[in-house]
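# Observations on the model geometry
Residue strings, one per chain:
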There are 2 protein chains.
Amino acid sequence: MEIKKSSVTIADVAAKAGVSKTTVSRYLNGKYEFMSENSQKKIQTAIEDLNYRPNHLARSLRLSKSKLIGIIVADISSPFSSILVKGISDNCKKYGYNVLIANTDNDTHKEQEYILSMIDQRVEGLIINTTGSNDDFLLQLLPKNIPIILADRPIFPTAFDTVKTNDHQSTIDTVVYLASEGFKKVGYFTEPIKNIGTRIIRKQAYQQACIEKLNITPQIYEIDVNADICVEKYIRNFIESAAEEPRVIFAANGVVMLTLLRAINRMNLRIPRDIGICGFDDWPWAALIGPGITAISQPSYEVGTECVKQIMSRLHRNRKAEPQVIKLPTKLIVRGSTKLITD
Amino acid sequence: MEIKKSSVTIADVAAKAGVSKTTVSRYLNGKYEFMSENSQKKIQTAIEDLNYRPNHLARSLRLSKSKLIGIIVADISSPFSSILVKGISDNCKKYGYNVLIANTDNDTHKEQEYILSMIDQRVEGLIINTTGSNDDFLLQLLPKNIPIILADRPIFPTAFDTVKTNDHQSTIDTVVYLASEGFKKVGYFTEPIKNIGTRIIRKQAYQQACIEKLNITPQIYEIDVNADICVEKYIRNFIESAAEEPRVIFAANGVVMLTLLRAINRMNLRIPRDIGICGFDDWPWAALIGPGITAISQPSYEVGTECVKQIMSRLHRNRKAEPQVIKLPTKLIVRGSTKLITD
DNA sequence: GTGAAAGCGCTAACAT
DNA sequence: ATGTTAGCGCTTTCAC
């Protein structure tokens, strides 16, 4: 069980076991069928004695298979992404893959750099939570014939496999639910739409619900989550527009939700008496704030699981099928923040 | 700018440019000093025409340098870890390194597997947020002479570079602060200590502060964050033990804090009137719950930054210096949850 | 200034 | 059942 400094190779094992490199390689790859028990034993002993470990790099180069999946996320510090990454990496492990990870900070240029860099590293597949302003670049990747799965954020028209939540439907359902609770005005607060698929879909669903289902005018506020003052202004604005009617805020994602709650807290507004609030992302603290925050729970871990399933299916089965969009169900968790108080 | 399917190699570029592979390689590595301008131009053109990208795998194999850093975290879905990972990956990028990541779920066996697997992939360094029950295994890695940095969780005695927060001192300071606010009983709630360095240090600091500074008996509750009922029982227990005195809970980390807040919420206890609470990890929602939760803010991103600095210094400078422990300062953010209400 | 050739550690025809 | 040999794509002596 000695530990060697410079690395032990298959040749060392072969020499020690008195067989050829080929036989050792066969042994390592589990091709025991035509190998004497004796050889197997000798090789096993040699491996243990030398504390041999295969060089993954050499193997990858030879096979052009790195057993690596690349993950590129817009912001790994958001709970959605970190749980997504957990889902991906847990599942990759099951298939014997490791994961390379990169964080783009929603920067298009970084996204491109990282994608190329990962391809240079010969990842076998790429799971991308795209910044959304990179469609052309992504489309150029198509001929490279490397499986690419978009996580959470689709691009239009669909050119890649995509795993996301059914946010269109759940946005509509939520708006309808809010009306059924007695709210007369629903203000939609979102980060700047840019070209981010998820933001586009949710916004459109909100508009559609307002017009087709509730017959009210959509009120959309694009906020910068880093400019607290402006956020307060928009909230005040929305409240004034709603005069004496019951009003509720719909937050387009968890980050927006947090920003709004912070502002509401500073403004000393009471939830839901002064203003109702709900929105995407049921993060662990949602139940603890005020009367509990009504939230749409997204299965981020499962999005990760499906991404990996999809990539494996591309890798091992139908490499050339039509791109698929997989939509996972969300769940509306109703809490006090949307229970109208009438007194 | 054609896009080729099968990959273009240095040989293709050489052929197209009418030079040798050697010259192309020199060009790629910026060794222009003894190369004709003409060759440079021809090579550059060939690279663009063929859309050549170097094969990182081959390069790594040849140089035994993968330009890869491995990160192994106990739970990537916790905010502490995900921000840590962000800090690490952002900084690795600066040095031209990419990161491999793995999530152990606090499972010793997985930790071992991943570490070995990453070494097989020839990562140049490893940043480990160890499960804490793996000291012997880790120590065996020492002779391999691959830089290993422990993030957040130290092992004893110090055998590896470690980057952590100054949690010993900040725990003591916090306990003293609580006393200064008028609290007479401080209950310490932690996950099972196991052999996790951070948990040991904080618990000891708490005990030390109680005994040496406040002259009160430490009250330590080890809770299972997945067993809500038991948590309620312990809280009730602590409250009863404190009879009519002002009492406050100290949560050993953010996960414990969340669990306790959930229980307190279910039990309809008022913060801080029925019970004060504070603890480690100032997560974004801390200001929004009840009167605001007093919390110790840890610089997780900077822990990541320091880990990378340290690993680079090992890689490029003093490979064989004594292991260092770097402690980053925390900050106590005082909010309403520890402001005693006397009426 | 440039190139030929060896080799990083591994696998897979193709022998035998 | 096992070994010989030729690469995977790259870098680097060493020679010219």
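This one's a predicted model, so the numbers in the text were calculated from it and none came from an experiment.

Assigned secondary structure in chain A consists of twelve helices and twelve strands. Rg of the C-alpha trace for chain A: 26 Å, well past the compact-globule value of 20 Å for 343 residues, more than 25% over. Look at the contacts in chain A between residues 6 or more apart in sequence, and 69% of them connect residues 24 or more apart. Positive and negative side-chain charges in chain A, numbering 44 and 37 respectively, have mean positions lying 7 Å apart.

This brings us to the domain arrangement of chain A. It is common to give the size of an interface as the accessible area lost on bringing the parts into contact. All names here are of chain A. Its domain assignment divides chain A into domain 1 (5-54), domain 2 (64-164 + 300-327) and domain 3 (167-299 + 331-338). Look at where the C-alpha atoms of domain 2 and domain 3 centre, and you get two points 30 Å apart. With 14 residues of domain 2 at the contact, the number on the domain 3 side is twelve residues. Both sides together, the interface formed by domain 2 and domain 3 hides about 1,100 Å², and carbon and sulfur atoms give 54% of it. Of all residues in domain 2, F80, R153 and F156 give up the largest surface area on contact with domain 3, accounting jointly for 31% of the area buried on that side. The interface formed by domain 2 and domain 3 contains one salt bridge.

Another aspect to go through is the protein's contact with DNA strand D. Taken together, the neighbourhood of DNA strand D is formed by 27 residues, with T22 and R62 of chain A together with I10, Y52 and R62 of chain B sitting nearest. A breakdown of the atoms of DNA strand D within 4 Å of the protein gives sugar and phosphate a share of 59%. Between DNA strand D and T22 of chain B, the relevant distance is 3.2 Å, taken from a base oxygen to a side-chain nitrogen or oxygen of the residue.

In this section: the protein's contact with DNA strand C. The full set close to DNA strand C counts 27 residues, and I10, Y52, R59 and R62 of chain A together with R26 of chain B are the nearest of them. For DNA strand C, the backbone portion of the atoms within 4 Å of the protein, that is sugar and phosphate, comes to 56%. The side chain of T22 of chain A places a nitrogen or oxygen atom 3.1 Å from a base nitrogen of DNA strand C. Those elements giving two or more residues to the surface near DNA strand C turn out to be α2 (21-28) and α4 (56-63) of chain A together with α2 (21-28) and α4 (56-63) of chain B.

All names here are of chain B. Look at helix α1 (residues 10-17) against helix α3 (residues 37-50): their axes get within 9 Å of each other, and the N-to-C directions meet at 125°. With respect to α3, the element α1 is oriented oblique. Crossing hand, α1 versus α3: right-handed. Here D12, V13, K16 and A17 of α1 come into contact with α3, specifically with K42, I43, A46, I47, D49 and L50. Split into classes, the residues belonging to the contact of α1 with α3 amount to six nonpolar, no polar and four charged.

So, on to the relation of the copies chain A and chain B. Mapping between the two chain copies consists of a rotation about an axis together with a translation along that axis. Between chain A and chain B, which share one sequence, the superposing operator has a rotation angle of 180° and an axial displacement of 0.1 Å; the RMSD is 0.2 Å. Seen this way, the second copy is the image of the first under a two-fold rotation axis. Looking at the interface residues of chain A, 98% of them are also at the interface in chain B, so both copies use one shared face.

What follows is about the side chain of R247 of chain A. Residues and elements named next belong to chain A. Within the secondary structure, R247 sits in strand β8 (residues 247-251). One buried charge, R247, has no salt-bridge partner; the nearest side chain with opposite charge is D274, at 5.3 Å. Polar side-chain contacts of R247 include one of 3.0 Å to the backbone oxygen of D274.

Now for the nonpolar core. With 54 residues, the main nonpolar core has I235, L260 and W285 of chain A together with I235, L260 and W285 of chain B as its most contacted residues. When residues of this core are traced back to their parent elements, those giving at least two are α10 (228-241), β8 and α11 (254-266) of chain A together with α10 (228-241), β8 (247-251) and α11 (254-266) of chain B. Aside from chain neighbours lying at most four places away, what touches W285 of chain B is L258, W285 and I289 of chain A together with M257, L258 and L261 of chain B. Ranked by size, the runner-up nonpolar core spans 48 residues in total, among them I76 and F80 of chain A together with V73 and L315 of chain B.

Overall, mixed pairing links the twelve strands, which are arranged β11(A)-β5(A)-β4(A)-β3(A)-β1(A)-β2(A)-β2(B)-β1(B)-β3(B)-β4(B)-β5(B)-β11(B) in an open sheet. Single-partner strands in this sheet number two, and they are β11 (325-328) of chain A together with β11 (325-328) of chain B. On average, adjacent strands in this sheet sit at an angle of 20° to one another, irrespective of strand direction. Sheet topology note: the strand β3 (residues 125-128) of chain A/strand β4 (residues 148-151) of chain A ladder contains three bridges and is parallel. Bridge pairing links L126 of chain A to I148 of chain A in β4 of chain A. With respect to the sheet, helix α12 (residues 300-316) of chain B is in contact with β1 (68-73), β3 (125-128), β4 (148-151), β5 (161-165) and β11 of chain B, its orientation differing from that of β5 of chain B by roughly 165°.

Below, the discussion takes up the pattern of salt bridges. Inspection of every chain in the model, using the stated rule, returns 32 salt bridges over all chains. The closest approach of N and O atoms between E181 of chain A and K339 of chain A, which form a salt bridge, is 2.7 Å. With E181 of chain A in the loop between α8 (167-180) and β6 (185-190) and K339 of chain A in the segment after β12 (331-333), this pair connects stretches of sequence that are 158 residues apart. Classification of K339 of chain A as partly exposed rests on a relative accessible area of 39%. Overlapping salt bridges, with partners in common, bring together D75, D105 and K110 of chain A together with K86 of chain B in one network.

Taken together, the contact pairs 49 residues of chain A with 48 residues of chain B. Carbon and sulfur atoms make up 58% of the surface buried where chain A meets chain B, a total of about 5,000 Å² over both sides. In this assembly, chain A and chain B are joined by eight salt bridges. Residue E113 of chain B is joined to K93 of chain A by a salt bridge in which the shortest nitrogen-to-oxygen separation is 2.8 Å. For the pair chain A and chain B, the interface holds 14 residue pairs in polar contact (both at pLDDT 80 or more). Elements supplying a minimum of two residues to the side of chain A that touches chain B: α4, α5 (79-94), β2 (98-103), α6 (108-120) and α11 of chain A. Looking at the side of chain A that touches chain B element by element, the count peaks at seven residues for α5 of chain A. Across the side of chain A that touches chain B, the residue classes break down as 22 nonpolar, 14 polar and 13 charged. Note: β2 of chain A against strand β2 (residues 98-103) of chain B, three bridges, orientation antiparallel.

The rules behind each value
Residues numbered from 1 in each chain as written. Chains lettered and ligands numbered in written order. Predicted model: local features only at pLDDT ≥ 70, side-chain atom pairs only at ≥ 80, totals over all residues. Heavy atoms only, no water. Helix = DSSP H or I, 4+ residues; strand = E, 2+ residues; numbered from the N terminus. Rg over C-alpha atoms; globule rule 2.2 N^0.38 Å. Contact = heavy atoms within 4.5 Å. Lys, Arg positive; Asp, Glu negative; His and termini not counted. Charge placed at Lys NZ, Arg CZ, Asp CG, Glu CD. Domains from an automatic or database assignment. Buried area = accessible area lost by both parts, 1.4 Å probe. Salt bridge = Lys/Arg side-chain N within 4 Å of Asp/Glu carboxyl O. Near = heavy atom within 4 Å. Polar contact = N/O pair within 3.5 Å; in protein donor to acceptor, adjacent residues only side chain to side chain. Axes fitted to C-alpha atoms, helices over the stretch in contact; angles between N-to-C directions. Parallel < 35°, antiparallel > 145°, perpendicular 65-115°, else oblique. Left-handed = near helix turned anticlockwise from the far one by under 90°. Nonpolar A, V, L, I, M, F, W, Y, C, P; charged D, E, K, R; others polar. Least-squares fit on C-alpha atoms with pLDDT ≥ 70 in both. Buried < 20%, exposed > 50% of the residue type's maximum accessible area, 1.4 Å probe, protein only. Core = buried A, V, L, I, M, F, W, Y, C linked by side-chain atoms within 4.5 Å. Pairing = 2+ DSSP bridges.

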